[in-house]
Amino acid sequence: MYAKWLGTLKASPIFKDIEEQNLSTMLGCLKPVKREYQNREIIALDGAEFSGIGVVADGKIALTRETFGGNRVILQVLGPGDIVGEMVAFSNLKKWPFTVIAQDDCCLFFLPTHKVMGYCSNICSSHSTLIMNVLNILSNKAISLSKTIEHLSARSIRGRISSYLLDKYRLKGEKNFTLDMKRNELSDYLGIPRPSLSREMANMKQDGIIDYKGASITIKDLIRLEDAIE
């Protein structure tokens, strides 16, 4: 059952440094539930009962939140190897705190929380590695959410766009990079209507702050980009 997906699962950070043979044995112990979804299908609703840590084996998913005004905000987009629900799994909440939507036709494996935290006598060293990987992922996720809050705290549309682009610049270390979100995904992530996002990016291009072609971005004036964040 797991052979087809073993390569993708091994590349996931939750299974980092676990040998393929041990991973195969571990999956037999964990018994993850495999589920497939179609594009735009809801995987989990905000407030629904938590169903386990999900590992994306194929396709993309989006973590979303509805505002009081009825607008959808994308918190994060995840692809093959990424995991979802790890912050819920080890909290007292036990309910999904956001809505998860399929961005493509996708496949996920859901790991039961009690089995992730339990020890298997056959491969205890690998299971210890699994637990340490989960802790590392939780730390990185907290940092990522902090960055999202930082982008959304900017008071202007240009400020939010600039905050996001500066974060990508610092991460890549180059003024030329490719966005990892489609334009509509970026507008949801930054809480900006799609037409307003496109219009402001066009204004920033005209002002000589950035240049772009499709998903490719070039920062032309780093100082003015920083000054745009309020």
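In the block above lies the structure referred to throughout.
Okay, so let's go over this structure. The numbering scheme is per chain: residues are counted from 1 as the chain's sequence reads. Side-chain atom pairs in this predicted model are given and counted only at pLDDT of 80 or more, local residue features only at pLDDT of at least 70, and totals for whole chains, interfaces and linings cover all residues. Calculated side-chain values reflect all of the structure's heavy atoms, with hydrogen atoms and water omitted.

A word on the overall build of the protein chain. Secondary structure elements are defined from DSSP: runs of H or I of at least 4 residues count as helices, runs of E of at least 2 residues count as strands, and each element is numbered from the N terminus. A count of helices and strands for the protein chain gives nine helices and eleven strands. A principal-axis box enclosing the C-alpha atoms of the protein chain has dimensions of 60 × 35 × 30 Å. Going through the 230 residues of the protein chain one by one, you find that 45% of them count as buried. In what follows, residue pairs with any heavy atoms lying within 4.5 Å of each other are defined as contacts. Within the protein chain, counting contacts between residues at least 6 apart in sequence, those at least 24 apart form 69% of the total. Surface accessibility of the protein chain: about 11900 Å² in total, with carbon and sulfur atoms responsible for 50%. Counting 30 positive and 26 negative side-chain charges, the protein chain places the averaged centre of each group 1 Å from the other. Three exposure classes are used, based on accessible area relative to the maximum for each residue type with a 1.4 Å probe and protein chains only: buried under 20%, partly exposed in between, and exposed over 50%. Surface exposure here means Shrake-Rupley accessible area, sampled with a 1.4 Å probe, where a residue is shielded only by the protein chains that are shown. Charge assignment: positive for Lys and Arg, negative for Asp and Glu; neither His nor the chain ends contribute. A single reference atom marks each charge: NZ on Lys, CZ on Arg, CG on Asp, CD on Glu.

Between N-to-C directions, angles cover 0 to 180 degrees, with each direction set by a line fitted to C-alpha atoms, over the stretch in contact for helices. In contact at an axis separation of 11 Å, helix α6 (residues 157-172) and helix α7 (residues 183-190) are set at 110° when each is read in the N-to-C sense. On the basis of the axis angle, α6 is roughly perpendicular to α7. Along the contact surface, α6 presents R160, I161 and Y164, while α7 presents L186, Y189 and L190. Polarity classes work like this: nonpolar for Ala, Val, Leu, Ile, Met, Phe, Trp, Tyr, Cys and Pro, charged for Asp, Glu, Lys and Arg, and polar for all others, with Gly in that last group. Considering only residue class, the contact of α6 with α7 consists of five nonpolar, no polar and one charged. By definition in this entry, angles of less than 35 degrees are roughly parallel, angles greater than 145 are roughly antiparallel, angles of 65 to 115 are roughly perpendicular, and the rest are oblique.

Whether two aromatic rings pair depends on their centres lying within 6.5 Å, for rings of Phe, Tyr and Trp, where Trp uses its six-membered ring; planes under 30 degrees apart make the pair stacked, over 60 edge-to-face, and the rest tilted. The final tally for this structure, using the stated rule, is four aromatic pairs. Here W5 and F109 contribute two aromatic rings whose centre-to-centre distance is 6.2 Å and whose plane-to-plane angle is 70°, an arrangement assigned as edge-to-face. Of this pair, W5 sits in the segment before α1 (6-10) while F109 sits in strand β8 (residues 106-111), placing them 104 residues apart in sequence. The pair W5 / F109 is uniform in exposure class, with both members buried. Between W96 and F98 the ring centres are 6.0 Å apart and the planes differ by 55°, which places this aromatic pair in the tilted class. The burial state of W96 is the same as that of F98; both residues are buried.

Helix α8 (residues 194-206) packs onto α6 with a crossing angle of 75° between their chain directions and a minimal axis gap of 10 Å. By the angle between their directions, the pair α6 and α8 is classed as roughly perpendicular. For the pair α6 and α8, contact is made by I157, R158, I161 and S162 and by S196, L197, E200, M201, N203 and M204, respectively. By residue class, the composition of the contact of α6 with α8 is five nonpolar, three polar and two charged.

None of the figures reported here should be taken as evidence of function without further support.
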